[in-house]
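One letter stands for each residue in the lines below.
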Amino acid sequence: MGLREVLTPFTVWKHVFDDPVTIKQPIGRPAAERYRGFHQNDLDTCIGCGTCEAICQNGAIDMVAVAGYDPEKGNSGLKPQIDYGRCCWCALCVDVCMTGSLTMSNEYTWVDTDPDAFRFVPGLEEPWKDDEEGYEREGKRVLSGIERIHMEEMEPEARIGNFDEIVAGYSRAEAILEADRCVECGLCVATCPAHMSIPDYIAAVRDQDYDRGLQLLYETNPFSEVCGRVCTHKCEGSCAALHEGDPIAIRWLKRHIIDEVPFDRRIELIGQPAEPTGRKVAIIGAGPAGLTAAFDLARAGHGVVVYEALAHAGGMMRYGIPEYRLPYDALDRDIGVIEAMGVEIRTNCRVGRDVTMDELRRDHDAVVLTIGLHMGRSTRVPGTEGAGVEKAVDLLRRITDGEKVPLAEQIVVIGGGNVAMDIARSMARLQKAEFGKVGITLTALEDIDHFLADPEEVVESREEGVKIFDARGPQEVMRDAEGKVTGLRTWRVKSIFDAEGRFAPAYDQSDERVHAGSMVIEAIGQAADTSLLGAALTEALEWNRGRIKIDTAFRTSEPWLFAAGDAVKGPDVISAVADGHRVARTVMEKLAAREVAQ
Amino acid sequence: MSETNKAKLTGKATVREIFETATEFEKVAHRFYTELIPNVSKDIRWLVEELAEEELEHVELFTNLSKNPEVDAIMAAEIARPVADGKFSDCVHTPDLGPNPDDQAVLQYALMRESAAMDQYTELAQSTPAGPLKDAFVFLANEETKHKAELEKIYYETVHSGGV
């Protein structure tokens, strides 16, 4: 040991006459401006996504219910409760917060004899609740990506001349990057009508485990090819990521999983149905509700026959949605899996003509009615009767069937929903092929901000040359002396709804326009064709303001008859899928109860 | 020239004329909807039944008013003939909606009637002297306005059911 080693310990004495660093009374001593002290939370901005809870390495955060904050779309209503016996003040929770509601004050001293006092929900009553100093994330969040990974789509010039699918789908690399943006909060699950396991299947994309992803999809939805393309994706409207950026492309990631799993592999992964039960169920209508119910019932071992009036299965998914949005082969793959479960689909078999309701009732243990909304409505304004005026759903059906449909160089479409956009864009493609140019005018009662169509449909329609006139009320289809259509006369709509939100269109008659066109297409609404029921059953059934009355389990007033889907609930593929599951469960409960009784 | 036609030209009508037209308007509507009930499919019968019920209430209102001495005392008085009177009176002639009309046909007819009634009663409520008859017209004007709004809501939900 040298002299240096002997003397070094004594060097600390050099501070012996300095003022002490520690102080006797620390309470009230101000911290640095950006010191990370006790948390603050703007409870009105917090959406209860729980991302802070998930990222906390010490398990210091629990999401708890707080009085006055109820769950709603995109908001769990829960708030973070922080245990300061565990918190290490690292501020990861602040950095990851999806809305920026969580910050930290620079308050760090707090004396209390009650240890439970140090576990509380920030944002309620603590004195530093509104302090401005402390730590907050600078700028937008960086721990999860802000911008959605771009989806490759055909340019308008390339797509307008054909019915080829517009959306390319993600590559694996793109899908992983997009999946990586998801914080797995699960707010989307509550919003999805079918309650799909969205965070889990997105995690499967991230892990490149497509088998697991596919199994997760099929737990809740046998139409992932369809929903991966045309779902109304309400889930994305409740995504936590949209508060400071783009919502996760949930719909495209669903499609990516299904794209990655070959058809035969899907059937392998889903597995064989249960042993046959000997029970038989008839389903009327091969749309999303009917086929989902058929899938579930067949999986449970019941014999299922689906009666479809048209030439192919799919309902409005095939006959209402154009192929550039949903290719028929993609739909056929979804249907193929359902058929592989033993479901028999009898196409070109119209109930009421080829088979009666009485026969279905006699030959089956239960009958499920899922007939959809296939009848187009008309405005019935003067001039709508006669040649030159068509209904959108009829034309879409004929286009799907490959029929030659009436066409004109200038067409006027009435309607602001997705069906209106579908027919406008379909006719635009036919016009381009026939005349080399697009001549479509679309008029709608609603102003552009309140169109019922998906916003991307409106954007893409315009890109393809559809001229949109919003807030126009149709008054008359104009015809010349020979009765040929020359256009549509409209008035400007001043308001559609009254102060109480009721439909009460008010027009400015001085603002009149004639939209030239030798063909008018009405796409204002649809109705169910219930004529197949026959007079006796129509009388026997109970109705609810024009629709077959069902209870919450989709039972009609007739014990052998169940009903689901658009015809009884409203138009939306994913809602129809959810209904299909529910009605199948009810039918299975009924069959099981009968089994017990026997 | 008859007194009635003379009154029409001068833009005046007696309370009795107005009262009788309004009573007939409501009776015709009630009869029309009641007779229509068995001719429509059960899925839309609720609509026609509701319409018939509403018109019956109006018929009862006029029946009670006709027994009121205060109303009887002003029957000969002249008041301004409402601008909407022509359209209103035309509604006494009911249309042929066909053997099995659908919901849209019924709704369009009902909307037209409610609109005419709303205009008529609103004007009458303004021009009729104070008393039980004026109160009745004020009540009816409000009722018809509410009915029209309700029917328009049903029309939108039924016919403009939105895109898929």
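Quantities reported herein were computed from a predicted structural model and do not represent experimental measurements.

Chemist: What is the right way to look at the overall build of chain B in this model?
Modeler: Helix and strand counts for chain B come out as seven helices and two strands. The secondary structure elements of chain B, listed N-terminal to C-terminal, are α-β-α-α-α-β-α-α-α. Classification of the 164 residues of chain B by burial places 39% in the buried group.

Chemist: What am I meant to see in the overall build of chain A here?
Modeler: Within chain A, the regular secondary structure consists of 20 helices and 23 strands. Overall size of chain A, expressed as C-alpha extent along the three principal axes, is 115 × 70 × 50 Å. Here chain A, with 598 residues, has 45% of them falling under the buried criterion. For chain A, long-range pairs separated by at least 24 residues make up 74% of all intrachain contacts whose partners lie at least 6 apart in sequence.

Chemist: Honestly, the interface of chain A and chain B in this entry has me stumped. Any pointers?
Modeler: The extent of an interface is frequently quoted as the accessible surface area lost upon association of the parts. Listed as interface residues are 25 residues of chain A and, on the opposing side, 20 residues of chain B. Broken down by secondary-structure element, the contributors of at least two residues to the side of chain A that touches chain B are helix 17 (418–435), strand 18 (503–516) and helix 19 (534–540) of chain A. Of the residues in the side of chain A that touches chain B, the class split is 10 nonpolar, nine polar and six charged.

Chemist: Which parts of the structure should I look at to understand the confidence of the model for chain B?
Modeler: All names here are of chain B. Of the residues in chain B, 87% have a pLDDT of 70 or more, and the chain-wide mean is 80. Scored below 50 in pLDDT, residues 5–9 shows four contacts in the model against residues more than four places distant or in partner chains. As a predicted assembly, this complex carries a pTM of 0.86 together with an ipTM value of 0.71.

Chemist: How should the sheet that holds strand 19 (residues 519–522) of chain A be read in this particular structure?
Modeler: Sheet strands pair by backbone hydrogen bonding; their relative direction is either parallel or antiparallel. All names here are of chain A. Within the open sheet, the five strands sit side by side as 12-19-13-14-15. Their pairing is parallel. On the outer flanks of this sheet lie strand 12 (389–391) and strand 15 (467–469), each paired with one strand and no other. Averaged over all pairs of adjacent strands, the angle between their axes in this sheet comes to 20°, without regard to strand direction. Relative to strand 14 (residues 440–443), strand 13 (residues 411–414) is paired through four bridges, and the arrangement is parallel. The partner of isoleucine 411 across the bridge, within strand 14, is isoleucine 440. Most of the contacts of helix 16 (residues 392–400) go to strand 12, to which it runs at about 75°, and overall it touches strand 12 and strand 19.

Chemist: For this particular structure, what's the right way to read the environment of Lys79(A)?
Modeler: Residue and element names in this part refer to chain A. Relative to the assigned elements, lysine 79 resides in strand 3 (residues 78–83). In this structure the C-alpha to C-alpha distance between lysine 79 and aspartate 42, which are 37 residues apart in sequence, comes to 10.0 Å. Every residue in contact with lysine 79, bar those within four places of it in the chain, is listed here: Asn41, Leu43, Cys46, Gly48, Met63, Val64, Val66, Tyr69, Val121 and Gly123.

Chemist: Mind showing me how you'd approach the domain arrangement of chain A here?
Modeler: All names here are of chain A. Taken domain by domain, chain A consists of domain 1 (29–135), domain 2 (156–269), domain 3 (273–374 + 536–597) and domain 4 (382–496 + 503–525). When each unit is reduced to the centre of its C-alpha atoms, the spacing between domain 1 and domain 2 is 33 Å. Across the boundary between the two partners, domain 1 contributes 11 residues, which contact 11 residues of domain 2. Class assignment for the residues of the side of domain 1 that touches domain 2 results in four nonpolar, six polar and one charged.

Chemist: Just checking my understanding: could you explain the UniProt feature "domain: Rubrerythrin diiron-binding" (unreviewed entry) in chain B for this structure?
Modeler: As recorded in UniProt, the sites labelled "domain: Rubrerythrin diiron-binding" (unreviewed entry) are residues 106–156 of chain B. Helix makes up 92% of residues 106–156 of chain B and strand 0%, with an end-to-end C-alpha separation of 14 Å.

Chemist: I'm lost on unusual backbone geometry in this one. Help?
Modeler: For residues that are not glycine, phi is negative in most cases, and the peptide bond is trans in most cases. Residues and elements named next belong to chain A. Residues other than glycine seldom take positive phi values, yet glutamine 208 does so here, at roughly 60°. Here glutamine 208 lies in the loop between helix 7 (198–206) and helix 8 (210–220). Residue glutamine 208 is classed as partly exposed on the basis of its C-beta count, with 13 C-beta atoms lying within 10 Å. Positive phi values are uncommon outside glycine, yet histidine 233 reaches one of about 35°.

Chemist: Whenever I open this one, the pairing of strand 10 (residues 366–369) of chain A confuses me. Can you help?
Modeler: The two faces of a sheet get side chains in turn, since along a regular strand they alternate between them. All names here are of chain A. Here strand 10 shows no split at all, with Ala366 and Val368 on one side and Val367 and Leu369 on the other all buried. Here strand 7 (residues 280–284) pairs with strand 10 via four bridges, running parallel. Counted as the bridge partner of valine 281 is alanine 366 from strand 10.

Chemist: Help me understand the sheet that holds strand 6 (residues 134–135) of chain A, please; the structure alone is not making it clear to me.
Modeler: Residue and element names in this part refer to chain A. Spatially, the three strands line up as an open sheet ordered 1-4-6, and their pairing is antiparallel. Only two strands of the sheet have a single partner each, and these edge strands are strand 1 (39–41) and strand 6. Where strand 4 (residues 102–105) meets strand 6, two bridges bridge the pair, whose relative direction is antiparallel. Counterpart to serine 105 in the pairing with strand 6 is glycine 134.

Chemist: How do you make sense of the packing of helix 3 (residues 42–66) of chain B against helix 7 (residues 132–159) of chain B when you look at a structure like this?
Modeler: The axes of two packed helices give the description: the angle between them and the distance between them. All names here are of chain B. Two elements in contact, helix 3 and helix 7, have axes whose closest approach is 11 Å; the angle formed by their N-to-C orientations is 175°. Taken together, the axes of helix 3 and helix 7 are roughly antiparallel relative to one another. Listed contacts from helix 7 to Glu54, His58, Leu61 and Leu65 of helix 3 are Pro132, Leu133, Ala136, Leu140 and His147.

Chemist: Is there a simple way to think about the nonpolar core in this case?
Modeler: As a rule of thumb, soluble globular proteins bury nonpolar side chains together. Core analysis: the largest hydrophobic core is formed by 159 residues, its most contacted members being Ala294(A), Val368(A), Val413(A), Ala420(A) and Ile423(A). By residue number, the principal contributor to this core is helix 20 (residues 573–597) of chain A, which donates nine residues. Setting aside residues up to four positions removed in sequence, Ala294(A) forms contacts with Ile283(A), Val304(A), Val306(A), Ile338(A) and Val343(A). If you look at the next biggest cluster of nonpolar residues, it comprises 34 residues, including Ile44(B), Leu47(B), Leu107(B) and Ile154(B).

Chemist: What's the story with helix 17 of chain A in this structure? I'm lost.
Modeler: Each full turn of the α-helix corresponds to 3.6 residues, which orients residues three or four apart in the same direction. The terminal C-alpha atoms of helix 17 of chain A lie 25 Å apart, and with 18 residues this matches the ideal 26 Å at 1.5 Å per residue to within 8%. With its phi angle positive at about 80°, Gly436(A) sits one or two positions after the end of helix 17 of chain A.

Chemist: Is there a simple way to think about the packing of helix 8 of chain A against helix 11 (residues 263–270) of chain A in this case?
Modeler: Residues and elements named next belong to chain A. Contact pair helix 8 / helix 11: the axes reach a minimum separation of 10 Å and the direction vectors enclose 70°. Our classification of the angle between helix 8 and helix 11 gives roughly perpendicular. Where helix 8 crosses over helix 11, the two elements pack in a sense that is right-handed. Residues Asp211, Leu214, Gln215 and Tyr218 of helix 8 lie in contact with helix 11, whose contacting residues are Arg266, Leu269 and Ile270. In terms of residue class, the contact of helix 8 with helix 11 is made up of four nonpolar, one polar and two charged.

What counts and how
Residues numbered from 1 in each chain as written. Chains lettered and ligands numbered in written order. Predicted model: local features only at pLDDT ≥ 70, side-chain atom pairs only at ≥ 80, totals over all residues. Helix = DSSP H or I, 4+ residues; strand = E, 2+ residues; numbered from the N terminus. Buried ≥ 20, exposed ≤ 12 C-beta atoms within 10 Å, placed from the backbone. Contact = placed C-beta atoms within 7 Å. Nonpolar A, V, L, I, M, F, W, Y, C, P; charged D, E, K, R; others polar. pLDDT = per-residue confidence, 0-100. Pairing = 2+ DSSP bridges. Axes fitted to C-alpha atoms, helices over the stretch in contact; angles between N-to-C directions. Domains from an automatic or database assignment. UniProt positions renumbered as here; feature names shortened; annotations may be inferred. Parallel < 35°, antiparallel > 145°, perpendicular 65-115°, else oblique. Core = buried A, V, L, I, M, F, W, Y, C linked by C-beta atoms within 7 Å. Expected span 1.5 Å × (residues − 1). Left-handed = near helix turned anticlockwise from the far one by under 90°.

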